[in-house]
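Notes for the structure review
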Amino acid sequence: MSTTTARAIVCSEPGADHIPGTNWKLQDISVPTELKDGELLVEMVASGICHTDLITGSLPSGMPGVQYPRIVGHEGSGYVKAVGPNVTKDVKAGDPVLLSFDYCGQCESCQRGHPAYCAAFFPMNLFGVADVFKSKDGSQGIAGKHFGHSSFASLSVVNQTTVLPAKDLVRSREELQLFAPLGCGLQTGAGAILNMAKPDKKDRVMVLGLGGVGLAAVMAAKICECEQIIAVDRVKSRIDMSKELGATHGFDTTGVEDLTAAFKEVTGGLGPTVVLDTTGFLPIVQASYDSLGSRGCFVWIGANMDPAYTLNISIGTFMTNGTRMLGCMEGDSVPHEFIPQLINYYREGKFPIEKIAKYYKAEEFKTALHESHTGESIKPIITW
């Protein structure tokens with residue numbers, strides 16, 4: 001098989017006391033140039049770094065389908081280098097593309113227009129495919145196709161289902177870099193509001209956690225002209241940014257003993273009508289749920305998959321309050337429809353994602369991880 005050399009951030013097998021991200025290393029790899037059915041070869045220009053990458057780059061090697069070494073990254077953008085057999089997407093070599101999540105297209109959820117809830121979502125996206133790449137000397141297989149495209153490789157083999165043709169959407173290489181995170185984090189936050197909660201002008205929206213996902217939700221709530229947009233975090237710079245993006249209230253949870261009472265107070269005693277959680281931090285989740293107003297909607301994004309992670313719900317209050325609870329995957333988005341919509345909002349000045357983006361060269365990925373952890377960087381984007 002013919003191959004070519006590329007650079008990639010490769011995850012080695014994590015140890016027992018693993019700290020996410022410490023097993024990442026930038027190195028040369030071997031990439032196949034003979035493509036299979038439905039595959040494209042894409043030269044990446046950028047990839048957003050998402051918290052999910054830290055999780056999937058640390059999965060135990062004993063899990064079915066998990067191979068190390070592996071390449072993650074799932075908010076990619078780039079240019080098509082080659083098109084494999086039986087590709088039906090309208091792309092050719094040289095075309096710009098944006099990349100999103102993978103899905104089977106055949107299950108009930110996919111057939112009904114909800115690919116983010118694909119029956120095969122976890123194996124197709126979180127686990128990837130074994131031996132897509134090889135080490136530079138060819139002696140070791142490296143797993144790829146994380147979310148169908150493994151954007152932490154400068155040149156990657158990509159499933160066509162993840163591809164959004166972008167020749168009519170982007171105007172420059174710089175825009176292609178900026179739009180990379182639309183493939184996951186930004187469409188998740190915005191979609192949680194625009195596709196799922198669907199608030200109107202009278203709603204009081206509370207967003208918990210002001211990373212890229214949370215701030216995308218703030219911008220989306222601003223698009224909906226909601227009466228109150230309450231942005232909750234512990235990092236002052238992120239709260240300040242939320243106000244610049246449309247939040248009417250910033251809320252610092254530091255030192256607040258009764259969060260439920262405080263959340264109700266900031267809404268005039270009524271409670272928020274929409275709560276969107278990106279934190280997964282149970283005390284704040286419980287407090288915000290308990291503060292929900294009449295017919296309130298709670299949208300889960302940051303849920304912990306641990307079976308011990310539970311929420312206390314009074315069924316009687318749940319019924320009489322008319323509460324809705326929604327589990328959010330990718331903002332329930334259809335990427336080829338929703339991402340162009342978000343780009344239109346960007347062009348209208350309603351979705352100013354450039355204010356939260358910070359760029360790093362691929363070799364600076366450790367700095368990107370550190371600054372994301374400290375709150376200095378809201379949406380880190382590595383560039384190739």
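The structure displayed is predicted, hence computed values, not measured ones.

Turning our eyes to something else, we now look at the overall build of the protein. Along the backbone of the protein there are 12 helices and 17 strands. In terms of overall size, the protein behaves like a compact globule, its C-alpha atoms giving a radius of gyration of 21 Å where 384 residues would be expected to give roughly 21 Å. For the protein, the spread of C-alpha atoms along the principal axes amounts to about 65 × 45 × 40 Å. A burial count over the protein gives 58% of its 384 residues as buried. For the protein, the share of sequence-separated contacts (at least 6 apart) that also reach a separation of at least 24 residues comes to 69%. Approximately 16,500 Å² of the protein is accessible, and the part contributed by carbon and sulfur atoms is 51%. In the protein, which carries 33 positive and 41 negative side-chain charges, the distance between the mean positions of the two groups comes to 3 Å.

Attention now goes to the packing of aromatic side chains. This model, assessed by the stated rule, comprises 11 aromatic pairs. When the ring of Phe179 is compared with that of Tyr346, the centres are 5.3 Å apart and the planes differ by 85°; the resulting orientation is edge-to-face. Of this pair, Phe179 sits in the loop between helix H4 (173–178) and helix H5 (185–197) while Tyr346 sits in helix H11 (residues 335–347), placing them 167 residues apart in sequence. Site record: aromatic cluster; members linked through ring pairs are Phe101, Tyr103, Phe121, Phe122 and Phe147. Note that Arg70 overlies the ring of Tyr68, its terminal NZ or CZ placed 5.8 Å from the centroid.

For the rest of this paragraph, the subject is the side chain of Asp53. Mapping Asp53 onto the fold places it in helix H1 (residues 51–56). The side chain of Asp53 sits in the buried core without any salt bridge; Lys379 is the nearest counter-charge, 6.9 Å away. Polar contacts involving the side chain of Asp53 include one to the side chain of His74, which spans 2.7 Å. The residues contacting Asp53, other than those within four sequence positions of it, are Trp24, Gly48, Val72, Gly73, His74, His146 and Phe152.

Within the largest apolar cluster, 54 residues are counted, with the highest numbers of intra-cluster contacts made by Leu182, Val218 and Phe351. Here this core gets eight residues from one element, more than from any other, and that element is helix H6 (residues 212–223). With residues up to four places along the chain from it excluded, the contact list for Leu182 reads Gln187, Ile339, Leu342, Ile343, Phe351 and Ile353. Counting 52 residues, the second largest nonpolar core, distinct from the first, contains Val10, Ile29, Ala116 and Leu126.

What follows concerns the pairing of strand S4 (residues 76–83). Judged from the seven bridges that link them, strand S3 (residues 39–48) and S4 form a sheet pairing that is antiparallel. Bridging across to S4, Val42 finds its partner in Val80.

This brings us to the side chain of Ser30. Among the secondary structure elements, Ser30 is positioned in strand S2 (residues 24–32). Here Thr3 takes part through its side chain, which lies 3.3 Å from a polar atom of the side chain of Ser30. Those residues within four positions of Ser30 in sequence are excluded, and the remaining contacts are Thr3, Thr4, Phe133, Lys134, Ser135 and Lys136.

Sheets are built from strands paired through backbone hydrogen bonds, the pairs being either parallel or antiparallel. In space, the four strands of this open sheet follow the order S1-S2-S6-S7, with antiparallel pairing throughout. The open sheet terminates on both sides in strands that have one partner only, identified here as strand S1 (3–11) and strand S7 (141–144). Each neighbouring strand pair of the sheet contributes to a mean axis angle of 55°, computed without reference to strand direction. Bridge count for S2 against strand S6 (residues 129–135) is two bridges, and the pairing is antiparallel. Following the sheet pairing, Ser30 is matched in S6 by Lys134.

A word on the sheet that holds strand S12 (residues 249–252). Pairing within the open sheet is parallel, and its six strands lie in the order S12-S11-S10-S13-S14-S15. Each edge of the open sheet carries a strand with a single partner, namely S12 and strand S15 (324–327). Neighbour-to-neighbour, the strand axes of the sheet open up by a mean angle of 15°, direction not taken into account. Two elements, strand S10 (residues 204–208) and strand S11 (residues 228–233), share five bridges in a ladder whose sense is parallel. Residue pairing for S11: Arg204 is matched across the bridge by Gln228. Packing against the sheet, helix H8 (residues 259–266) makes contact with S10, S11 and S12, and its axis sits at approximately 165° to S12.

Where H8 contacts helix H9 (residues 282–290), the axes come no closer than 8 Å and their chain directions differ by 45°. Comparing the axis directions of H8 and H9 gives the class oblique. Every pair of crossing elements has a handedness; the one defined by H8 and H9 is right-handed. Between H8 and H9, the residues in contact are Leu259, Thr260, Phe263 and Lys264 and Ile284, Ala287, Ser288 and Asp290, respectively. Of the residues contributing to the contact of H8 with H9, the split by class is four nonpolar, two polar and two charged.

Analysis parameters
Residues numbered from 1 in each chain as written. Predicted model: local features only at pLDDT ≥ 70, side-chain atom pairs only at ≥ 80, totals over all residues. Heavy atoms only, no water. Helix = DSSP H or I, 4+ residues; strand = E, 2+ residues; numbered from the N terminus. Rg over C-alpha atoms; globule rule 2.2 N^0.38 Å. Buried < 20%, exposed > 50% of the residue type's maximum accessible area, 1.4 Å probe, protein only. Contact = heavy atoms within 4.5 Å. Areas by Shrake-Rupley, 256 points an atom, 1.4 Å probe, with all protein chains shown as cover. Lys, Arg positive; Asp, Glu negative; His and termini not counted. Charge placed at Lys NZ, Arg CZ, Asp CG, Glu CD. Phe/Tyr/Trp six-rings, centres within 6.5 Å; stacked < 30°, edge-to-face > 60°. Lys NZ or Arg CZ within 6 Å of the ring centre and 35° of its normal. Salt bridge = Lys/Arg side-chain N within 4 Å of Asp/Glu carboxyl O. Polar contact = N/O pair within 3.5 Å; in protein donor to acceptor, adjacent residues only side chain to side chain. Core = buried A, V, L, I, M, F, W, Y, C linked by side-chain atoms within 4.5 Å. Pairing = 2+ DSSP bridges. Axes fitted to C-alpha atoms, helices over the stretch in contact; angles between N-to-C directions. Parallel < 35°, antiparallel > 145°, perpendicular 65-115°, else oblique. Left-handed = near helix turned anticlockwise from the far one by under 90°. Nonpolar A, V, L, I, M, F, W, Y, C, P; charged D, E, K, R; others polar.

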